[in-house]
Amino acid sequence: GQLAETGFPVLSEEGQQTPYTDRSKWGMFWLVDPLDGTKEFINRNDEFTVNIALVEQGRTMFGVVYAPAINELYVGIQGRGAYRCREEKNYDQPLDYLLQFADPLPLVEEDPKRFRVVASRSHYNEETRNYVESMDTEGKDISLVSKGSSLKLCMVASGEADIYPRLGPT
């Protein structure tokens, strides 16, 4: 669709695979995960996302994470920062207009009493549990929140979590 109109190739695990020998020569491309959090989607718990990134020479220059069920859009731009948008009427507007009505991240300051850990709802395993239990939080109480899809990373970006340990397979 619209990403193809930019002239940059699109890479997605759900799409047709281009051999690595060809992909390795791409200077710039779109990286798309149209359904991150498949288990969350199937379980209808609203914690699934659509992820899109523009990658140049191996570095992410621009990215969005959209959670359609909760109507939140996270935007990150190299050199400009990250934002959370909740005004759906602005989602199809030019980027500079959209960001005027967005909240710059982080939204939440560090909690001096709590160390906030966000863990995978679908992939929490014993290794992760042991890691969390062994953490040195400098006297802070650990609070653990389970979340699905890339929303865990959005919680770290927004300041709602301090760490997202992922020790299982990806």
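Everything below is about the structure shown above.
Residues numbered from 1 in each chain as written. Predicted model: local features only at pLDDT ≥ 70, side-chain atom pairs only at ≥ 80, totals over all residues. Heavy atoms only, no water.

Details of helix 5 (residues 151–158)
All buried positions along helix 5 are accounted for by Leu 151, Lys 152, Cys 154, Met 155 and Ser 158. Buried residues of helix 5 fall within an arc of 160 degrees about the axis and therefore sit on the same side. Those residues of helix 5 that are buried are in contact with strand 3 (49–56), strand 4 (59–67), strand 5 (72–77), strand 8 (114–120) and strand 9 (141–147). Among the residues trailing helix 5, Gly 159 stands out with phi positive, at a value near 90 degrees. (Buried < 20%, exposed > 50% of the residue type's maximum accessible area, 1.4 Å probe, protein only. Helix = DSSP H or I, 4+ residues; strand = E, 2+ residues; numbered from the N terminus. Arc of directions from axis to C-beta. Contact = heavy atoms within 4.5 Å.)

Describing the side chain of Asn 51
Summarising the element assignment, Asn 51 is placed in strand 3. Given the relative accessible area of 16%, Asn 51 is considered buried. A polar atom in the side chain of Asn 51 sits 3.0 Å from the side chain of Thr 49. Here Ser 150 takes part through its side chain, which lies 3.1 Å from a polar atom of the side chain of Asn 51. If we ignore the near neighbours within four places in the chain, the residues touching Asn 51 are Leu 31, Val 32, Asp 33, Asp 36, Val 64, Val 65 and Ser 150. (Polar contact = N/O pair within 3.5 Å; in protein donor to acceptor, adjacent residues only side chain to side chain.)

Here we look at the sheet that holds strand 5
As a general point, the strands of a sheet are linked pairwise by backbone hydrogen bonds and lie either parallel or antiparallel. Ordered in space as 1-2-3-4-5-6-7, the 7 strands form an open sheet in which the pairing is mixed. The sheet is open, and its two edges are formed by strand 1 (10–12) and strand 7 (103–104), each paired on a single side. (Pairing = 2+ DSSP bridges.)

Considerations on the state of the cysteines
The tally for this structure, following the rule as stated, stands at 0 disulfides. Here Cys 85 is not disulfide-linked; the sulfur of Cys 154 is the nearest cysteine sulfur, at 11 Å. A residue is classified by how much of its surface remains accessible, and Cys 85, at 1% relative accessible area, is buried. (Disulfide = S-S within 2.5 Å.)

Comments concerning the pairing of strand 6 (residues 81–85)
One ladder, built from 5 bridges, connects strand 5 with strand 6; its direction is antiparallel. Across the sheet, residue Leu 73 finds its bridge partner in strand 6, namely Cys 85. Connecting strand 5 to the antiparallel partner strand 6 that follows it, the hairpin turn spans 3 residues, and Gly 79 within it adopts a positive phi of roughly 85 degrees. Relative to strand 7, strand 6 runs antiparallel, the two being bridged by 2 bridges.

What to know about unusual backbone geometry
At the junction of Leu 105 and Pro 106, the peptide bond is cis and its omega measures out at 5 degrees in the coordinates. In this structure, Pro 106 sits in the loop between strand 7 and strand 8. Positioned with a positive phi, Glu 138 is a non-glycine residue whose angle comes to about 55 degrees. Backbone geometry at Ser 149 places phi at a positive 55 degrees, although glycine is not the residue there.

A word on the nonpolar core
Inside soluble globular proteins, nonpolar side chains tend to come together where they are buried. With 10 residues, the main nonpolar core is built from Val 64, Leu 73, Val 75, Ile 77, Tyr 83, Cys 85, Tyr 91, Leu 98, Leu 99 and Ala 102. Mapped onto this core, the elements with two or more residues apiece are strand 5, strand 6 and helix 3 (95–100). Top contributing element to this core by residue count: strand 5, with 3 residues. Discounting residues that sit within four places of it in the chain, Ala 102 has contacts with Tyr 83, Arg 84 and Cys 85. Counting 6 residues, the second-largest nonpolar core is a separate cluster that includes Tyr 74, Leu 105, Leu 151 and Cys 154. (Core = buried A, V, L, I, M, F, W, Y, C linked by side-chain atoms within 4.5 Å.)

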